[in-house]
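The chain contents come next:
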2 protein chains.
Amino acid sequence: MNDADDDIPSATRSEPGEVGLVEPRDFITTEPFTFDNGQTTPGFTLRYETYGRPNAARDNAILIFHALSGDHHCAGIHSLNDRKPGWWNNLIGPGKAVDTNKFFVLCSNVIGGCQGSSGPSSIDPRTGKPYGITFPSVTIRDMVRTQKLWLDSIGITSIYAAIGGSMGGMQVLQWSIEYPSFVKRALAMATTAREGAQAIAFNEVGRQAILQDPEWNHGYYPKSGGPRVGLAIARMMAHITYLSDASMDRKFGRKAVAAHRKPSPASDVSELSMEGIDPVAPAATFDVRFEVESYLRYQGQSFINRFDANSYLYITRALDQFDLAATHGSLEAAFAEVQAATLVIGFTSDWLFPPDQNRDIALALLRAGKRVSYAELSTDLGHDSFLLESPQLYDLVRGFLN
Amino acid sequence: MNDADDDIPSATRSEPGEVGLVEPRDFITTEPFTFDNGQTTPGFTLRYETYGRPNAARDNAILIFHALSGDHHCAGIHSLNDRKPGWWNNLIGPGKAVDTNKFFVLCSNVIGGCQGSSGPSSIDPRTGKPYGITFPSVTIRDMVRTQKLWLDSIGITSIYAAIGGSMGGMQVLQWSIEYPSFVKRALAMATTAREGAQAIAFNEVGRQAILQDPEWNHGYYPKSGGPRVGLAIARMMAHITYLSDASMDRKFGRKAVAAHRKPSPASDVSELSMEGIDPVAPAATFDVRFEVESYLRYQGQSFINRFDANSYLYITRALDQFDLAATHGSLEAAFAEVQAATLVIGFTSDWLFPPDQNRDIALALLRAGKRVSYAELSTDLGHDSFLLESPQLYDLVRGFLN
């Protein structure tokens, strides 16, 4: 496609192997949309990004789906000053596993989210005020149905591949079920067709941390404020479930905070490196003592600056309520109409959506007589393995797409 | 010992197999006690219970140690109206694995606790006000040294066996190290000689939930109030780590709340049993939806009525700081002076203090040339397995004691 390069505005000309500068766009519809719970909004917005170009046949579209705390910005940078590219930039780009020289890659922020798509923090045109918790409750199927309206609006009539991990994998499965003739290939990783009790339990504790924060105020709070403490607690806890015991031990072990860490006035103990000695604090200080503590506190603090607490409540509910087997009678019945060739990838150290929950998806597709493969990648990096550098994962994705 | 039965006040006469009515007692000393961090209190109180009787030789004492949220009441009942006996009543009693017909069983509430022993919620005699976070920070070794003063005061000069699980197991190990000639047998289960990063991480999130609760107020709050929300969140999360994915799935799975559950005015969805259908809520309700949610909420609520938030901060810090290898140079060096015969028991599904951390203790004792056995019980009940009905566990304990 080199001959087409002259058409690219120089601002978006890619570095070799990099998507380069990208700009989010909005799909805005004023057609009323009725959610699974029966409530209607006067239209909605989905914010999205695209990388690469549609081919003449318009049959090279790859749809990417983000996880709970992700967004539409999965590759490239928004400014030359950006310190971090999109969240799946290691997978998506010219010559990468998802090759933007070949494919037209699209990713949108989910409905109910807070990164530009309509959600609780959006303005309700009927009132001129934020929806707050009057926004309809959202399901994975709502996410998928709004994405379909967006693709229709830009003339995408089939998907070469749908790719996602975790909640993104749920959307992949829902797409295959909802629009069977539309999806040619489905790649779901580190996901589940129904969460177990433990995953629901962790989400519930996170929701309670938000709901019980007085600043939540029944869902009505200023954009600048809100239940920041509750949201940070929810994120700290959830973040532990994205990693693994082994990876945390390797990364942090029992390392004490380093001397450069700023102490609180209450204590100078956090100044001392206590590696290899028994850390004993004076009374009245619960300052950060171990590296893993300061890492988690940072995770919690950075999250509250980019995520809306109500969206966290809505999306975790969507995760917990997703249950293809219960909705369709059985997982096999859920997949009865699927036409896509499917690849399911589980990760051995994923204890949030464990390998056997991924394997169950593949086995049900097999029983339903569908084309499916299952791969289990041996890693000790936990649930987030699907987001991390992995030549094996790249090879699996490349092989599945070509 | 039947001939001695006439000495028992009828109020404490045991039901067959049951310890029966018991009364807590207090060990109170006004001798200044210096904690590991160098701070001193003008004496302290340990609340304790005993079951069975010391024999003539006074060599039949068994010391029981409780875990983070436990207390001195490990067997029997306080009133004929009690609906629940002590927390280890299934293990301790006449004819049980820890046979109170043979042994004089003692258990105290740890220093820093809130069930009658001195801790942050106790009154500082120097000020007439609660210590709050001016109470010295507490270590496992502080717990053990205060217990030794208590045993000295009642004329116990040797321990037939020290028995504990989780934090109780840490105290067992610390006793063997601190008072080698005193401890004849040591039985530590579901424990660790040093927590991994994940266990520290979960404790830190719990502490943050408390510290960030405005009601914590830098540790100064009325007994009736305080950071109840933060403490409930901490407990809900921690409780998940005491169970296992498998046991939660068996106990709750994805069962929706039953119809008898009281709804919130905001919603009647929680009234409906949604088992087998896709639960979809109207907007604005985050009412309990799954049984596992209402179970966790109950765990959180009941905990705040019996536990002090500052004690939770102090004791989780003691757990995180416990590190025998770092304190003594190596685990093997830590055990150099141990004289007790030791039994370590790990549980296969314990992911908080996993079997390999228990095995490491036994291996280090072996390398140090000590008498030690290691048993790994196959269970899918998680960390709390040591507290639950288990004929295999009873046989191991009985065999070790006889």
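Residues numbered from 1 in each chain as written. Chains lettered and ligands numbered in written order. Predicted model: local features only at pLDDT ≥ 70, side-chain atom pairs only at ≥ 80, totals over all residues. Heavy atoms only, no water.

1. Focus on the UniProt feature "active site" (unreviewed entry) in chain A
Residue and element names in this part refer to chain A.
Thinking step 1. Taking the UniProt record as the reference, the feature "active site" (unreviewed entry) is found at S166, D350 and H383. Across 218 residues of sequence, these annotated residues stay compact in space, with a maximum C-alpha separation of 10.4 Å.
Thinking step 2. Note on placement: S166 falls in the loop between β11 (161-165) and α2 (167-178).
Thinking step 3. In contact with S166, other than residues within four places in its own chain, are A67, M189, A190, T191, F353, H383 and F386.
Thinking step 4. With respect to the secondary-structure elements, D350 resides in the loop between β13 (341-347) and α10 (355-367).
Thinking step 5. Relative accessible area serves as the criterion here: at 2%, D350 is assigned to the buried category.
Thinking step 6. Setting aside its immediate chain neighbours within four residues, D350 contacts A190, P355, G382 and H383. (UniProt positions renumbered as here; feature names shortened; annotations may be inferred. Helix = DSSP H or I, 4+ residues; strand = E, 2+ residues; numbered from the N terminus. Contact = heavy atoms within 4.5 Å. Buried < 20%, exposed > 50% of the residue type's maximum accessible area, 1.4 Å probe, protein only.)

2. Here we look at the domain arrangement of chain A
All names here are of chain A.
Thinking step 1. Under the domain assignment used here, chain A contains domain 1 (5-195 + 324-401) and domain 2 (200-304).
Thinking step 2. In this complex, domain 1 contributes 16 residues to the contact, which on the side of domain 2 involves 18 residues.
Thinking step 3. Both faces combined, the contact of domain 1 with domain 2 buries some 1,400 Å², and carbon together with sulfur accounts for 54% of it.
Thinking step 4. Ranking the residues of domain 1 by area buried against domain 2 places I133, W351 and D380 at the top, with a combined share of 37%.
Thinking step 5. On the surface where domain 1 and domain 2 come into contact, there are 1 salt bridge.
Thinking step 6. The shortest N-O distance in the salt bridge between R250 and D380 comes to 2.6 Å.
Thinking step 7. Here domain 1 is connected to domain 2 by 8 residue pairs in polar contact (both at pLDDT 80 or more). (Domains from an automatic or database assignment. Buried area = accessible area lost by both parts, 1.4 Å probe. Salt bridge = Lys/Arg side-chain N within 4 Å of Asp/Glu carboxyl O. Polar contact = N/O pair within 3.5 Å; in protein donor to acceptor, adjacent residues only side chain to side chain.)

3. Describing the interface of chain A and chain B
Reports often express the size of an interface as the amount of accessible area lost when the parts come together.
Thinking step 1. In this assembly, 67 residues from chain A lie in contact with 67 residues from chain B.
Thinking step 2. Between chain A and chain B, roughly 5,400 Å² of surface is buried when both sides are summed, and carbon and sulfur atoms account for 64% of that area.
Thinking step 3. By the criterion of area lost to chain B, the three top residues of chain A are A:R254, A:F286 and A:R317, representing 15% of everything that side buries.
Thinking step 4. One can count 8 salt bridges joining chain A with chain B.

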